[in-house]
Every structure is written in C-alpha cells, then in structure tokens.
Amino acid sequence: MKGLVLDNLRRDQLTDAISKGRRLDGRGMSEYRKLEIRPGIIPKAEGSARVKLGDTEVMAGVKIEHGKPFPDTPDQGVLIINAEVLPLASEYAEPGPPDEDAIELARVVDRGIRESKMVDVNKLVIVPGKEVYLMYVDISVISTGGNLFDASSYAVVAALMNTKFKILKQEENGSVIPTGETSELPIVDLPVSITAVKIKKGIILDPDVEEESINDGRLTVAYDQEGNLCAIQKGQASGLKVEEIMEMVKMGKEKVPEIREMIRGALEKNG
Amino acid sequence: MMNLIDEGGKRLDGRSFDQLRPFSMQAGLLKSASGSAYIEQGGNKILVGVYGPRDSRSRYGTNQDKAVLRCRYHMLPFSTEERKSPQPSRREIEISKVIRDALEPALLLEEFPRSVIDIYIEVLQSDGGSRGASITAASIALADAGIPMKDLVSAVAVGKVNGHLVLDLSDTEDKEGEVDLPIAVMLNSGLITLMQMDGKLSEDEFRQAIDLAMAGAKELREAQRKALVQKYFKEVDS
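Counting from 1, residues in each chain are numbered in the order their sequence is written. Here chains are named by letter from A upward and ligands by number from 1 upward, in the order in which they appear as written. Confidence filtering applies because this is a predicted model: local features only for residues at pLDDT of at least 70, side-chain atom pairs given and counted only at 80 or more, and all residues used for totals across whole chains, interfaces and linings.

## Side note on the overall build of chain A
Moving on, step 1. The numbering of helices and of strands both runs from the N terminus, where a helix is a DSSP run of H or I of at least 4 residues and a strand a run of E of at least 2. When you go through chain A residue by residue, the secondary structure sums to five helices and 12 strands.
Moving on, step 2. Radius of gyration (C-alpha) of chain A: 20 Å, near the 18 Å computed for a compact globule of 271 residues.
Moving on, step 3. Projecting the C-alpha coordinates of chain A onto the three principal axes gives extents of approximately 75 × 40 × 35 Å.
Moving on, step 4. Burial is judged by counting other C-beta atoms within 10 Å of a residue's own C-beta: 20 or more means buried, 12 or fewer means exposed, and anything between counts as partly exposed, with every C-beta placed from the backbone. In chain A, which comprises 271 residues, the share counted as buried stands at 44%.
Moving on, step 5. C-beta atoms are placed from the backbone for every residue, and two residues are taken to be in contact when these atoms lie within 7 Å. Taking all contacts inside chain A whose residues are at least 6 apart in sequence as the whole, residues at least 24 apart take part in 69%. C-alpha atoms define the radius of gyration in this analysis, and the globule rule sets the expected value at 2.2 Å times the number of residues to the power 0.38.

In structure tokens:
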C-alpha cells in the first residue's frame, strides 16, 4: 500500500490527530472501542465466549479432558492455550498451521492467564501424579480489526469463568468415569490484559487496525486483581523509552477496573 | 518455595543480587559466514552466524525498500537436560520472532533493498537467559558482518527470587523463582527493544527491575565492544 497518495494522506492525518491528543474515530487516548462479551455461545464446549472489540471478533472455547500431568508438575491440572487466525478473518489470513503471529498471540494470552494464577490448577487433580484435568483452550479469530491480544485474552477469561465440567473419579480397575456431578473451574483471579501502542509521541490504548499498522511500539501487560503486573510482551521491531513504558503501564492500570467490571457484568448477565 | 538465597544474602552460585554470571564473548569465528559470534554466559554456550545482506533466493518475502531480516533461534537436541526434539517448538518460534524484533531497530536495513539478512542462532548448551545471551551475541555477529548499525543491542534478564530482585537469572532461579523479565536495550538512545515478563511485580518493583537490567546491560555492552576490538584491532595493540 505504501506510496499510494491517499494512504499517505490518511497516515499523516492519523499521526497528526494523535499528536494533538485526538483519534480519528473520536475516542480518547485511553478509550476502548465498544466491547461486547457473550459467554456460553457454544453449548457443546465446557466453556465458551465470543468477544467483539470494535471490528475485532474472537471466539474462545474450553474443552476439558483428563490425562497424565506434566512430569514437573505432577499435582497440577494442565492448561493449554492455542490460537488460530481463521482464513476468513482478513484478506491476508490463509489456511494452514499457525504462523509466528498466531503462536505469539497464544503464548502471550497464555502467560497472562497462567501467571495471574487465575485458575487454581492444584485443585484440578483426579489422582495425584497420575490423572489430572486437561484444560484445552482454543482461540479462533473471526475478524482481525486490531488489538487481537486483548480481545483474545478477554474471550479466554470469559470462557474459563463460564466453564462447567463433569467431575471425574478413578475406579478400582483404573478407568476414569464421571461421578455424575458437574463443577465450575476453581477461579481465584481475574486478569485483565491491556495493550498500548506508541504513535510518534502519543500513547493510546486498544489500537484499531489502522492505528496498529503505523505504530512505533506495542506493549501488552496483564494485571492481576491486586494491581500487580503479571505478564508483559513488547511487540514490533522498534524501541520504547523507559518513561514511555512506565506511562503505558500507568494508563493500563487505570483502565483495568473498567474492563474487569465489563467482563464480570457480561458473565453475570448471561451466566 | 525453594530456598534460592542464603542467610548472607548470596545466591546459590555465590553471586550477589546485582552480579552477572561469568561471561565471555568472541567475534568472527566462522569462516563462511558474513559475520559470527560466540558467547558463554553461565552455562549458556551460543553460536551465532549471520549471512547477508545477500540476494533473496525467492521473490516471496522481499522488500523493495529495505533488507528483510530473518532470524532463527534454535536449540540443539543435546543442549538441554532432556533431549529437545529438533523440530522447532512454539517457544523457539516465538523467541525467534522477538529476537528479530529486538535487533531490527539497530540496523540500517534501508541500505540494502531487495536483499535478506539471515541470523542463525544455535544454542549448543542452554541455561537461564538464553534469549538475552543470543541477542547480545547476534548483535556482535551483525557488527562483524559489517552491517551498518545505530548501536549494539545488549540484553539480560532480571528476576525475582525469594522476594528479591536479582540480575541475570540462572536456570534454577528462572524455574524456581517468581519472575523472569528479559530486557534488551540500545544503550546510546536508551531504547528498549525487547521486554517480556512472566510472574508478578508491583509497579515499583517493575521500575527498579528495569534499572537493574540497565546496569547489567552496560557491563555486557562493554564486553561486546571488547570482542569486536579484539578481532579488528589486534595488530594495533601488539
């Protein structure tokens, strides 16, 4: 697209607006696009949620299985997060195994959830050292409209909070069978991911696809309920000054309560 | 929680909180590569070869305006406690990407349109902080290849173990500790080009951790410079 007159004009307009503390769609620097969270949209999955964040749309589904724990964590359930950008999500997306962007997306969302200790994995054990619950969380990106990191994280958080699964037990003969009871996951935190980008000298939260395309550095931070930072990923081939990073962290921290309330609210309404 | 700090305030390997592990760096040891470097840092042994700028073999993935930077971070199957499958893991794919993003801001890629620069990072033996050591070494290798650079990139991890912020995590500190926070920086401009974090820090701790990393990066930067001086200015010295 580079070199096209209109694209360049648009870019100038965008950076000019941001340098004056405004955004082209009228949002404030810290303002998120319209966020819609709908939990429980796939009844066959143990947990699910669809998130719309402006033009970005993401689904997450949770399937709970059982199996062997990892050797280094014999007394903990297993959390596995994958992401796929569906080929219908944008004109650039293609079918095939996840590329490096999808892998990064899954791993960044995973770290935010894992490091916040959102799910108490110590409670997801059937027989210590032998049989534990395996939580498979799959992220499917339906539309790429910018800020996939946050939208995907909210979808996963909502899907996990919405999960109901069959309680299992092991028989004398070793087979694992349902007890007939169901349970929610042991949720002990509600992490919130906030993504900031720098454009020239301005810092904004929740970039849309256009803002993302001209950003000079991105930082995704997950915050736990106590306000600690629990996972960070800087993105983009560019540098950020320490003061810029601290400004991004501060803006993010101020935003967290609002987003957390929206996730909670959506679950109370639909769950 | 495992005890990682003794009563005298020393870490398991006897280091103080703000002390790097022993390290050594060498520039230009591969014959056929355009540039290369070798680093040891703690138990890490990492070899980096840079090829290019050279013509792209495929039209796909070239850029009319600048060189395309490609990077592969790869661990040899025998580099770890348990054998690592030679197939690239998700971790290696992500690390390759963030290392590339950490190095690119230092390079003047516009000088070489329609070409590619390949960075091959081979972890011969891995220890904590291998991505940082890889960046530090790759930066020497890029300079050795004669690619115009704004600055060297120096990288090191900071962490939290038993409640204390410490510099340059060992494998055990990384696995048993509370936080791992790798940072890469171009010290001339103070621009941070890589930052990742696992584990919980308050905002204040986070700010202190960055300062600790900066001090460590300074020390590594001096060694990077020396490695290059040693290769290119040996005769002048003797």
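## With respect to the overall build of chain B
Moving on, step 1. Per the secondary structure count, chain B includes five helices and nine strands.
Moving on, step 2. Residues classed as buried in chain B amount to 49% of the 238 residues present.
Moving on, step 3. Within chain B, contacts between residues separated by at least 24 positions form 71% of all contacts whose residues are at least 6 apart in sequence.

## Some details on unusual backbone geometry
Moving on, step 1. Cis geometry marks the peptide bond from G52(B) to P53(B), where omega comes out at 0 degrees.
Moving on, step 2. Phi angles above zero are rare outside glycine, and N147(A) is one such case at about 55 degrees.
Moving on, step 3. When you line up the elements, N147(A) lands in the loop between β6 (131-143) and α3 (148-161).
Moving on, step 4. We classify N147(A) as buried; it has 29 C-beta atoms within 10 Å.
Moving on, step 5. Look at Q236(A): it is not a glycine, yet its phi comes out positive at around 85 degrees.
Moving on, step 6. By the secondary structure assignment, Q236(A) is in the loop between β12 (229-235) and α5 (242-270).
Moving on, step 7. Judged by the 18 C-beta atoms lying within 10 Å of it, Q236(A) falls in the partly exposed class.

## What to know about the interface of chain A and chain B
Moving on, step 1. Contacts between chain A and chain B engage 26 residues on the former and 26 residues on the latter.
Moving on, step 2. At the level of elements, α2 (100-115), β12 and α5 of chain A are the ones that each hand at least two residues to the side of chain A that touches chain B.
Moving on, step 3. Sorting elements by how many residues they give to the side of chain A that touches chain B places β12(A) first, with seven residues.
Moving on, step 4. Three categories are distinguished: nonpolar for Ala, Val, Leu, Ile, Met, Phe, Trp, Tyr, Cys and Pro, charged for Asp, Glu, Lys and Arg, and polar for the others, with Gly belonging to the last. When its residues are assigned to classes, the side of chain A that touches chain B shows 11 nonpolar, six polar and nine charged.

## Topic: the sheet that holds strand β10 (residues 202-205) of chain A
Moving on, step 1. Strand order across the open sheet formed by eight strands is β10(A)-β9(A)-β11(A)-β12(A)-β9(B)-β8(B)-β6(B)-β7(B), with antiparallel pairing between neighbours. Each of the sheet's edge strands pairs with one partner strand only, and the pair in question is β10 of chain A together with β7 (164-167) of chain B. Averaged over all adjacent pairs, the angle separating strand axes in this sheet is 20 degrees, with direction ignored.
Moving on, step 2. Strand pairing is defined by DSSP finding a minimum of two bridges between the two strands. Summarising the sheet, β12(A) and strand β9 (residues 191-201) of chain B pair through four bridges and their orientation is antiparallel. Opposite I232(A), over in β9(B), you have M197(B) as the bridge partner. Only the contacting stretch of a helix is used when fitting its axis, a line to C-alpha atoms as for every element, and angles between N-to-C directions run 0 to 180 degrees.

## Quick notes on the sheet that holds strand β4 (residues 68-75) of chain B
Residue and element names in this part refer to chain B.
Moving on, step 1. One open sheet accounts for five strands, arranged β1-β2-β3-β5-β4; its pairing is mixed. On the outer flanks of this sheet lie β1 (23-27) and β4, each paired with one strand and no other. Going across the sheet, the axis of each strand differs from the next one's by a mean of 15 degrees, ignoring polarity.
Moving on, step 2. The sheet contact formed by strand β3 (residues 44-55) and strand β5 (residues 115-125) spans nine bridges and is antiparallel. The partner of K45 across the bridge, within β5, is Q125.

## What to know about the packing of α2(A) against α3(A)
All names here are of chain A.
Moving on, step 1. Axis separation between α2 and α3 bottoms out at 10 Å; the angle between their running directions is 50 degrees. With respect to α3, the element α2 is oriented oblique. Crossing hand, α2 versus α3: right-handed. Of the residues in α3, those in contact with L105, V108, V109, G112 and I113 of α2 are L148, F149, S152, S153, V156 and V157.
Moving on, step 2. When grouped by side-chain class, the residues that make up the contact of α2 with α3 number eight nonpolar, three polar and no charged. In this scheme, roughly parallel covers angles under 35 degrees and roughly antiparallel covers those over 145, while 65 to 115 is roughly perpendicular and the rest are oblique. What makes a crossing left-handed is the near helix being turned counterclockwise from the far one by less than a right angle; a clockwise turn instead makes it right-handed.

## Digging into the confidence of the model for chain B
Moving on, step 1. Per-residue confidence from the predictor is given as pLDDT, running between 0 and 100. When pLDDT is averaged along chain B, the result is 94; 97% of the residues meet or exceed 70.
Moving on, step 2. For this predicted complex, the interface confidence comes out at an ipTM of 0.84, alongside a pTM of 0.90.

## Let's talk about the pairing of β5(B)
Residues and elements named next belong to chain B.
Moving on, step 1. Relative to β5, β4 is paired through eight bridges, and the arrangement is parallel. Considered in β5, the bridge of R72 is made with Y120.
Moving on, step 2. Taken together, β4, helix α1 (residues 90-103) and β5 constitute a β-α-β crossover, and its handedness is left-handed. For a crossover, the right-handed case is the one in which the path from the first strand over the helix to the second runs clockwise, viewed with the strands pointing away from the viewer.

## Quick word on the packing of α5(A) against helix α4 (residues 203-232) of chain B
Moving on, step 1. Remark: α5(A) packs on α4(B), axes separated minimally by 12 Å, with the N-to-C direction vectors making an angle of 165 degrees. By the angle class used here, α5(A) and α4(B) are roughly antiparallel. In this structure, the crossing between α5(A) and α4(B) has a hand that is right-handed. Contacts between α5(A) and α4(B) involve V242(A), M246(A), V249(A) and K253(A) from the former and E203(B), F206(B), R207(B) and I210(B) from the latter.
Moving on, step 2. Grouping the constituent residues of the contact of α5(A) with α4(B) by class yields five nonpolar, no polar and three charged.

## A closer look at the nonpolar core
Moving on, step 1. By size, the foremost hydrophobic cluster in this structure holds 141 residues, and its most contacted members are A155(A), V156(A), A158(A), A137(B) and I183(B).
Moving on, step 2. Per element, the largest residue contribution to this core is 11 residues, and it comes from α3(A).
Moving on, step 3. Sequence-distant contacts of A158(A), that is, excluding residues within four places in its chain, are made with I37(A), P39(A), A49(A), V51(A), I263(A), A266(A) and L267(A). In these notes, a nonpolar core means any group of buried Ala, Val, Leu, Ile, Met, Phe, Trp, Tyr and Cys residues linked to one another through C-beta atoms within 7 Å.

## Concerning helix α1 (residues 5-19) of chain A
All names here are of chain A.
Moving on, step 1. Take the number of residues in a helix, subtract one, and multiply by 1.5 Å to get its expected span. Taking 1.5 Å of rise per residue, 15 residues should cover 21 Å, and α1 covers 21 Å from first to last C-alpha, within 8% of that figure.
Moving on, step 2. Of all 15 residues that make up α1, one are buried, and the element is exposed over most of its length.
Moving on, step 3. With its phi angle positive at about 80 degrees, G21 sits one or two positions after the end of α1.

## Comments concerning the pairing of strand β3 (residues 56-67) of chain A
Residue and element names in this part refer to chain A.
Moving on, step 1. Two elements, strand β2 (residues 47-53) and β3, share seven bridges in a ladder whose sense is antiparallel. The residue of β3 that forms the bridge with G47 is V62.
Moving on, step 2. The loop that links β2 with its antiparallel partner β3 comprises two residues; one of these, G54, has a positive phi angle of about 60 degrees.
Moving on, step 3. Where β3 meets β6, 11 bridges bridge the pair, whose relative direction is antiparallel. Across the sheet, M59 pairs through a bridge with S140, a residue of β6.

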